[in-house]
Amino acid sequence: VETNLFPLLADWGIRLSDQVVIETDPGYREAKGTILIRNFGQHPITESLIQNQTFLLSGWTRPVFPVPPEPVDERLSFIPLFASSANSWSESAYQMAGTPEFDPQSDIKGPVPLAIASERKASSQLGISVPGGRVVVIGSPDLFSNQNIASLGNVSLFFNILNWILDRDRLL
């Protein structure tokens, strides 16, 4: 499905893909099929999750890829916040019947990025301070759903994202 959101995200160095992440590593799955996310990138949002060895709970998720915008914007920085395991992949043919299998022609081998934090610093030659902007994109529709928000990792991530977006880094 094509929306007007894609060009906006591209401007922030983020690309969504019409794929679903298939997680095959038993250390990253619960018995009922829930994905355990425990592969974190170094960022203020994920720092407490890494220190406390906390994981996130999620259902189906889609990949969120970092892509430098054209033209290159030196003020923009972005980093994957968390990813699937090395045994996972991003499946293109997820709508077909049957068990998904990795296809090196159309699928992307893991670890697959599942969330990205992007920050654009503002600059001013006028001598005034202009704040930049921050955005976080997560490929999971239920990371903060009623079913998963009770998980310590999920609720911590939620508040860490809010504090980072609001430039309250000291509360992370």
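None of the values given here were measured: they were computed from a predicted structure.

Observations regarding the side chain of Glu23
So, step 1. Within the element layout of this structure, Glu23 appears in the loop between strand 2 (20-22) and strand 3 (35-37).
So, step 2. Polar contacts involving the side chain of Glu23 include one to the main-chain amide nitrogen of Asp25, which spans 3.2 Å.
So, step 3. Residues within four places of Glu23 in sequence aside, it is in contact with Tyr28, Arg29, Ile35, Ser84, Ser85 and Ser88.

Examining the sheet that holds strand 2
So, step 1. With antiparallel pairing, three strands are arranged side by side in an open sheet as 2-8-9. Where the open sheet ends on each side, the last strands, each with one partner, are strand 2 and strand 9 (108-109).
So, step 2. For strand 2 and strand 8 (residues 89-91), the ladder comprises three bridges, and the chain directions are antiparallel. Paired with Val21 across the strands is Ser90, a residue of strand 8.

A word on the nonpolar core
So, step 1. Within the largest apolar cluster, 19 residues are counted, with the highest numbers of intra-cluster contacts made by Ile37, Ile45, Leu56, Leu81, Phe82, Val136 and Leu157.
So, step 2. When residues of this core are traced back to their parent elements, those giving at least two are strand 3, strand 7 (76-83), strand 10 (113-120) and helix 3 (152-165).

Considerations on the pattern of salt bridges
So, step 1. One pass over the structure, following the stated rule, counts six salt bridges.
So, step 2. Asp73 is the partner of Arg120 in a salt bridge, and the nearest nitrogen-oxygen pair spans 2.8 Å. Of this pair, Arg120 sits in strand 10 while Asp73 is found in the loop between strand 6 (64-66) and strand 7, placing the two residues 47 residues apart along the sequence. Neither Arg120 nor Asp73 differs from the other in exposure class; each is buried.

Digging into the sheet that holds strand 10
So, step 1. Read from one edge to the other, the open sheet built from four strands follows the order 4-7-10-11, with strand pairing classed as antiparallel. Each edge of the open sheet is held by one strand with a lone partner, namely strand 4 (39-40) and strand 11 (133-138).
So, step 2. Pairing between strand 4 and strand 7: two bridges, direction antiparallel. Bridged to Asn39 within strand 7 is Ala83.
So, step 3. Sitting on the sheet, helix 3 is in contact with strand 7, strand 10 and strand 11, with an inclination near 155° to strand 11.

Describing the packing of aromatic side chains
So, step 1. On inspection of all chains with the given rule, the structure shows four aromatic pairs.
So, step 2. Ring centres of Phe40 and Phe82 lie 6.3 Å apart, and the angle between their planes is 75°; on these two criteria the pair is classed as edge-to-face. Of this pair, Phe40 sits in strand 4 while Phe82 sits in strand 7, and the two are 42 residues apart along the sequence.
So, step 3. Owing to a relative accessible area of 2%, Phe82 belongs among the buried residues under this scheme.
So, step 4. Ring geometry for Trp89 versus Phe102: centroids 6.0 Å apart, planes at 70°, classification edge-to-face. Here Trp89, found in strand 8, pairs with Phe102, found in the loop between strand 8 and strand 9; they are 13 residues apart in sequence, far enough to count as distant.
So, step 5. With relative accessibility at 9%, the residue Trp89 sits in the buried group.
So, step 6. Among the aromatic residues, ring-to-ring pairing joins Phe144, Phe158 and Phe159 into one connected group.
So, step 7. Sitting above the plane of the Tyr28 ring, Arg38 keeps its charged end 5.8 Å from the centroid.

Rules and cut-offs
Note on numbering: residues in each chain are counted from 1, in written sequence order. Only residues with pLDDT of 70 or above have their local features reported here, since the model is predicted, and side-chain atom pairs are shown and tallied only from 80 upward, although totals for entire chains, interfaces and linings are computed over all residues. Excluding hydrogens and water, the side-chain values take into account all heavy atoms of the structure. Numbering of helices and strands runs from the N terminus, with a helix taken as a DSSP run of H or I at least four residues long and a strand as a DSSP run of E at least two residues long. Here a polar contact is recorded for every N or O atom pair within 3.5 Å, except that within protein the pair must consist of a potential hydrogen donor and a potential acceptor, and residues adjacent in sequence are included only if both atoms are side-chain atoms. Any pair of residues with heavy atoms lying within 4.5 Å of one another is described as a contacting pair. Note: two strands are recorded as paired if DSSP finds a minimum of 2 bridges between them. To qualify as a nonpolar core, a set must consist of buried Ala, Val, Leu, Ile, Met, Phe, Trp, Tyr and Cys residues joined through side-chain atoms within 4.5 Å. Here's how the labels work: a residue is buried when its accessible area is under 20% of the maximum for its type, exposed when over 50%, partly exposed in between, all with a 1.4 Å probe on protein chains only. Salt bridges are defined by distance alone: a side-chain nitrogen of Lys or Arg within 4 Å of a carboxyl oxygen of Asp or Glu. Note on geometry: axes are C-alpha line fits, over the in-contact stretch for helices, and angles between N-to-C directions span 0 to 180 degrees. A pair of aromatic rings is counted whenever rings of Phe, Tyr or Trp (Trp by its six-membered ring) have centres within 6.5 Å, and the orientation is called stacked for planes under 30 degrees apart, edge-to-face for over 60 and tilted otherwise. By definition, being over a ring means that NZ of Lys or CZ of Arg is both within 6 Å of the ring centre and within 35 degrees of the ring normal.

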